[in-house]
Every structure is written in structure tokens, then in C-alpha cells.
Amino acid sequence: MQMRIVRWTFRVAPALALAMAAVCAAAVGAQAQEPVQVASPDGRNVLTVDTLRRVVEEGEVKWQSGLFYSVERDGQKVVLPSRLGFEFRNAAPLRDGLTITGTARNSVDETWEQPWGEVARVRDHHNELRVSVVERAESGRRFEVVFRVFDDGLGFRYEFPEQPGLASFAIVDELTDFYMADNARAWWIPADGDNRYEYLYSSSRISVLPLVHTPLTMETNDGLHVVIHEANLVDYAAMNLVGSYDRRLKVSLAAWADGVKVRGQTPFVTPWRTIQMADRASDLHPAVLALNLNPPSVLDDTSWIEPMKYVGIWWGMHIGKYTWGSGPKHGATTANTRRYIDFAAENGFGGVLVEGWNVGWDGDWIANAERFSFTEPYPDYDLEGVAAYAKERGVELIGHNETSMGVENYERQLEDAFALYERLGIRAVKTGYVGDLTAEGHAHHGQYMVRHWRKVIETAARHRIMLNVHEPIKDTGERRTYPNMMTREGARGQEYNAWGGEGDGGNPPEHEVILFFTRMISGPMDFTPGVFDILIASSDGGPRPPESQRVRTTLAKQLALYVVLYSPLQMAADLPENYEGQPAFQFILDVPVDWERTEVLDGRIGDYVVVARQERGGTDWYVGAITDEEARTLEISLSFLPEGESYVAEVYADGQGAHWLHNPFPVAISKQSVNAESTLTLELAPGGGQAIRIRPAR
Ligand code: NOJ
Ligand code: CA
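All of these numbers come straight from a predicted model, not from anything done at the bench.

Strand direction decides the pairing type here: strand 13 (residues 185-188) and strand 16 (residues 216-219), joined by three bridges, are antiparallel. By the bridge assignment, R185 is partnered in strand 16 with E219. When strand 16 meets strand 17 (residues 225-231), the two strands line up antiparallel, connected through four bridges. By the bridge assignment for strand 17, M218 is matched with V226. Connecting strand 16 to the next strand, strand 17, in antiparallel fashion are five residues, including G223 with a positive phi near 90°.

Structure (C-alpha cells):
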């Protein structure tokens with residue numbers, strides 16, 4: 001009811017509203033100003049900026065002064081007037097008594113090409129509103145807020161020009177909030193745990209949210225899908241959101257050891273706060289809002305950056321067959337690595353990841369971060385020889401740097417290590433940050449670590465190294481500016497299935513159908529699909545009880561994940577021996593890692609999704625469909641194919657009686673002729689999936 005009154009006040013009678021606001025403004029000692037607006041190119045999304053907002057506290061109407069933004073879509077309120085501002089250490093907050101001194105507008109419509117991605121070309125079509133603001137207090141601090149409104153959502157950021165009253169500063173709180181009009185349902189992971197982003201998703205009304213990570217995906221009671229996230233996080237703390245027992249989500253920033261959130265000096269810009277909106281869950285992808293809010297690539301030559309599939313000495317450690325450290329089960333031996341290189345070469349994989357090659361793993365590697373060397377191999381690993389052998393066989397060696405959050409130890413060695421890898425022809429490195437705080441007590445997602453990750457990206461770029469970051473900072477679109485920032489973890493990947501355990505052990509069958517609409521909105525993920533030995537029979541005891549140590553999907557769903565969960569470095573995670581004699585392995589060999597177009601054909605968060613992607617620069621299409629623990633029959637139209645052409649669909653479906661729990665292995669492989677008029681009926685088993693290659697008929 002209250003919402004209606006507010007709408008009537010501002011939409012139907014703006015003159016009256018302004019008059020009322022003037023009276024109320026006088027009461028709070030402010031001056032009423034005309035609200036300013038900017039709309040998306042299609043006119044559906046409208047953003048309003050105002051210096052007053054009306055709130056009802058304990059039944060009483062009050063007017064607050066400050067700076068507020070609100071968002072409507074198709075005339076419906078999505079975000080109610082929400083605060084903008086900051087609190088500083090040793091300085092007054094920048095919150096009250098603000099006057100808009102000017103506005104500037106701009107419009108952009110341009111299309112740019114990605115070196116690699118879910119889509120080859122991205123359209124940046126938006127209207128911009130720049131709002132200049134000054135404090136009425138004597139200090140007279142000035143800042144600007146820039147809003148960019150697109151058809152698929154909007155972003156805004158704060159800019160602080162250089163000024164005497166605001167030179168260097170320490171932000172202790174960012175006051176930005178997102179006051180949602182609807183008590184939407186959200187899918188979230190907690191942001192205050194010591195396991196970083198590696199939690200199972202929960203779903204609840206936003207009114208009861210604890211401290212959560214972004215991207216935060218919500219579905220309103222009217223079916224609108226809204227994702228709050230951020231873009232271009234370069235020198236700032238990661239933004240988390242905290243609930244309020246109301247519909248207000250407030251920004252909460254990760255901290256330095258001394259409690260400060262962000263240290264800066266003017267001129268200074270914050271990351272963009274983004275609000276993506278889509279009418280259906282399936283319209284959330286391809287998600288390009290954050291990419292459009294990042295600067296274009298700074299790398300002139302990107303020819304050395306190549307998406308690839310890879311295998312690795314990796315799963316063996318997680319299932320207990322190998323060890324990272326030295327000893328009889330050491331995985332990274334020269335002989336074993338040569339065997340993996342041979343397997344990669346024979347099957348056309350681009351790379352071989354080798355973990356546990358370097359000194360530092362013995363004992364408690366999580367506690368002994370300082371012991372890691374990033375240049376010294378174990379004696380049974382002939383680094384130079386193995387690198388030369390990989391080159392000879394046309395395969396890339398993928399380096400591995402686990403830091404255990406020993407960031408200073410890593411930074412001391414970074415330059416030497418990357419120079420060594422460059423000399424050896426190692427063009428991709430996987431990094432890792434197992435641990436919660438740095439040794440100095442800075443948060444895993446705070447400004448200190450954000451600066452570190454940027455430094456690693458820049459150092460890697462100078463040495464022509466592609467990155468795959470585990471225990472990373474969330475993706476905020478860095479890959480546009482640094483296309484060597486390929487992929488990252490930042491959610492529970494396949495490894496959780498290897499560890500098993502009770503309760504929170506492995507990933508349940510619904511995990512990946514939530515991931516697609518949450519974590520994957522931010523960008524590629526190194527989930528590491530492709531485990532065929534679903535029950536992990538090849539485990540040698542394993543780190544956890546064997547009965548819980550297993551994968552919770554069917555085999556066909558493992559194939560479908562290659563299409564659904566995008567990554568430009570995409571692993572075939574299982575042991576090479578587990579692919580032997582498996583006809584379904586052909587799909588992993590065929591599936592590309594770089595796409596021309598992406599279309600989500602159907603989907604519901606946490607239930608199922610069907611994704612179609614066209615190979616980059618090619619004519620093949622691939623379809624991946626996955627479901628949660630429910631069996632489903634889905635009809636899909638192939639109208640995305642060009643008209644009048646004949647194709648062959650190579651189908652890898654859940655076989656007769658397949659079930660993730662009781663019978664995960666059957667895969668039915670078949671072929672059929674199809675064209676743009678065809679409709680396919682996909683039968684997905686409980687916890688199952690289907691993968692399809694669609695190639696021109698020859
Ligand atoms: C956790 C990573 O996710 C995993 O891929 C890696 O093998 C271990 N850390 C060791 O670095
Ligand atoms: Ca991990």
C-alpha cells in the first residue's frame with residue numbers, strides 16, 4: 001500500500017511532489033531540487049537521482065536528505081530510493097547536506113570484439129548521466145556519480161576529483177544501498193566464512209539475508225530477475241551485501257587488518273556497482289554488463305592468448321592416488337608428466353597442468369606458505385626436460401603456483417618465476433590462494449588482495465602468461481582489459497566431489513543449475529568437468545570415506561557441463577586411464593572452448609538449463625542441458641540454426657535407467673538429421689544431462 005502512495009506522489013503528480021518535497025526539505029534544512037533521470041536506450045529502465053527521500057519509520061513519514069538513486073523497469077519500481085555516500089576515518093561522513101551542482105549526459109552505441117569469450121562481439125549501448133555533487137558544509141567536498149543505463153541493466157560509480165578538502169582518505173564504510181521494491185527470492189553464498197566463495201548456495205527472501213557475496217541473483221514475485229554485482233574492481237575492497245530484516249541490502253566492504261576498508265587518494269574512482277535485469281532467467285546470459293563497464297584491452301598483441309582444453313596431474317591428488325609433496329606417491333614426476341604429455345598430444349589437448357612440481361608441499365602446506373619456492377622443482381621432476389618434451393610434442397605445460405595466502409612470499413618471487421616460465425615456454429599458470437586472511441591479517445577479498453591480484457595479472461601479461469586463478473577474487477570483468485586473465489574458480493568446483501564427506505561434502509545434483517545463474521554471471525569458471533569414474537573407484541583410499549567420495553551427476557551430465565559452464569581453459573579432469581575405451585570421450589575431444597554466439601534456450605534457477613553455443617569462427621553448434629535431482633523432458637527448437645541447411649546432431653543422452661545415485665554410467669550415443677525446423681525432445685535422468693554436437697551434414 002505504501003509503495004502505491006509513493007508512486008502516485010512522484011509519477012502522477014511530480015509538481016505536487018516537488019512542492020511537498022520543498023516543504024519537507026525545509027524541515028530537514030535542505031533545498032528541494034528537481035530529481036534527474038536517465039533511461040536505457042529501449043526506454044524500459046529508468047534511473048532517478050534525488051537529494052531527498054521519503055521514509056516511513058514506525059508509521060511516521062520522515063524525509064531524509066542526502067543523495068539517492070532509484071530504478072524502475074516498465075514503470076514498475078525495482079529499487080526504491082537508495083542511499084549513496086561514505087564514512088571515513090578521521091573525517092566527517094559524505095552523506096548529508098548534498099547539493100547537485102550539475103549534470104552531463106552522453107550516449108554510446110558501439111560493438112567491440114572479444115579475443116575469446118561466450119560471444120565474439122559485444123554491443124555497448126547505453127545512456128550516461130553524470131551527476132556533480134557538493135557538500136553544503138564548509139568543507140565543501142565534491143564528487144560525481146556516473147550512471148550508465150543499458151537495456152540489460154545499469155552501473156554507477158563514484159568519482160572523486162583532486163581537491164584540497166579531500167586528498168588522501170580512508171573509507172571505513174560505503175553507504176551505498178540497494179533498497180529493493182520486492183522481497184525477492186535470492187540465491188546466495190555467505191561472505192564471512194573462511195572458505196571464501198566455496199559454499200553451497202542457499203535460497204531465501206532477501207529480507208533475511210546475512211552477509212553475502214555478489215553476484216547476488218534474485219527473482220522477484222513478478223518474475224523479474226535482478227543481479228547485483230560490481231565491475232572493474234582494481235584498487236578497492238570487494239563489495240559484499242548485507243540484509244536488514246527489510247528489503248534493504250547494504251554494501252559491506254572487506255577490510256584491511258586495521259579495519260579500514262579502502263585507502264585512497266584523489267583523483268579516485270570506485271568500481272561500478274551493477275544491477276542487471278532480465279525478464280526471464282534464460283535472459284541473464286550472455287552477461288556482458290560488467291564487460292561493458294571495464295576499459296578496453298591494454299594489450300596490443302593478444303595473439304599469444306589462446307583458449308584451450310587441458311588435462312593434468314591434479315585429480316589424482318584430490319582422490320588420494322597421488323600426493324603434491326615428495327614420496328612414493330608423488331604425482332609430478334618426470335615419467336608421469338611425460339605420460340600425461342603423451343596423452344594430451346595423442347588426443348589434441350592443448351595443455352598439461354602439473355601440480356606439486358615445486359618445493360614447499362611437504363608437511364602442512366597450508367600452514368607453511370613461506371616455504372613455497374616458485375622456481376625450484378622437486379628432484380624427481382626435471383622441469384627443463386619436461387618443458388622441452390612438451391614443446392616437442394606440441395603441448396603446453398601449465399604451471400602451478402599455490403601460495404597458501406603467503407602473498408609476500410609470492411610477490412618476492414613473482415618476477416623471477418614468470419621470467420623462468422616464459423623462457424621455458426610455459427604460457428599458462430594456475431595460481432591458488434588456499435587460506436582466509438593474509439599473514440598480516442588482511443581479508444582475502446580486501447583492497448590489499450585486490451591490488452595483489454592486479455599485480456599478478458599485469459606481471460603475467462608482461463611475460464605473456466595466461467592465468468587461471470583458484471581461491472580468487474570474484475570476476476568483475478578484468479578479462480576485457482587483460483585478456484590473459486582467462487578463468488578462475490570462485491565457487492565450489494568439481495574437487496568437492498573428490499573430497500566427499502558428510503553433510504556439506506560433495507556438490508548435490510542441483511549445484512550446477514544454480515551456479516549457471518549465479519557465479520557464472522560474473523564470468524568463466526574453472527569448474528573442471530569431465531569425471532567419468534563417477535564413483536571414484538580409482539581412488540586409493542582417498543581423503544574421505546569412499547562411500548561419500550563420489551560425483552553426484554550422471555556421466556552424460558559431465559559432458560553437458562562443457563557447454564553449460566563456460567571456461568576458455570577447460571579441463572578434462574579425470575585420470576587419462578579413465579577415458580580409455582569410453583566412446584563418450586569423443587564429445588570432450590570435439591567440444592570447443594571459444595564461442596561465436598551463446599543462446600540460453602530454457603532454464604529455471606536451481607532446476608534445469610539448456611544452453612546452445614556456436615563454435616567461434618565455425619559452423620558447429622553445441623547444446624548442453626542439465627537438470628537437478630528431478631528427471632525432466634525438455635523440448636527444444638533448433639531455430640537458432642541457419643535456415644535451409646542440413647545438419648547432423650550427435651547426441652550423448654542419459655541411457656536407459658540412468659540415475660545420478662543408483663546408475664550414473666549409461667550414456668546413449670545416437671545420430672540424427674536435423675535442421676532449423678527441428679524440435680528435439682531431451683530426456684534428462686535425475687541428476688542427469690545431455691550433450692549434443694550439431695555439425696553440417698557432409
Ligand atoms: C585448491 C584448488 O582449488 C585446487 O585446484 C588445487 O589443486 C589445490 N588448492 C592445491 O593448490
Ligand atoms: Ca578451491
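Text resumes after the structure shown.
The strand order 28-27-26-25-24-23-29 describes an open sheet built from seven strands, whose pairing is parallel. The open sheet is flanked by strand 28 (485-488) and strand 29 (569-571), the only strands paired with a single partner. Within the sheet, the average angular offset between the axes of one strand and its neighbour, ignoring direction, is 30°. The pairing of strand 25 (residues 396-402) with strand 26 (residues 428-432) spans five bridges and is parallel. Bridged to G399 within strand 26 is V429.

Glancing now at the coordination of the calcium ion (ligand 2). At the metal site, the calcium ion (ligand 2) is ligated by E198 (OE), E471 (OE), E489 (OE), E489 (OE) and E495 (OE), and these contacts range over 2.3 to 2.6 Å. Written as a sequence motif, the donor arrangement for the calcium ion (ligand 2) is E-x272-E-x17-E-x5-E. Taken together, the residues E471 in the loop between strand 27 (466-469) and helix 9 (478-481) and E489 in the loop between strand 28 and helix 10 (495-499) connect sequence positions 18 residues apart. Residues E471 and E489 agree in their burial class; the two are buried.

The subject of this paragraph is the confidence of the model for the protein. Averaged over the protein, the pLDDT score is 94; the fraction of residues at 70 or greater is 94%. The low-confidence segment residues 1-14, where pLDDT is below 50, has 19 contacts with residues more than four positions distant or belonging to other chains.

Conventions and cut-offs
- Residues numbered from 1 in each chain as written.
- Chains lettered and ligands numbered in written order.
- Predicted model: local features only at pLDDT ≥ 70, side-chain atom pairs only at ≥ 80, totals over all residues.
- Heavy atoms only, no water.
- Pairing = 2+ DSSP bridges.
- Helix = DSSP H or I, 4+ residues; strand = E, 2+ residues; numbered from the N terminus.
- Axes fitted to C-alpha atoms, helices over the stretch in contact; angles between N-to-C directions.
- Donors = N, O, S within 2.8 Å, 3.2 Å for Na, K, Ca; no water.
- Buried < 20%, exposed > 50% of the residue type's maximum accessible area, 1.4 Å probe, protein only.
- pLDDT = per-residue confidence, 0-100.
- Contact = heavy atoms within 4.5 Å.

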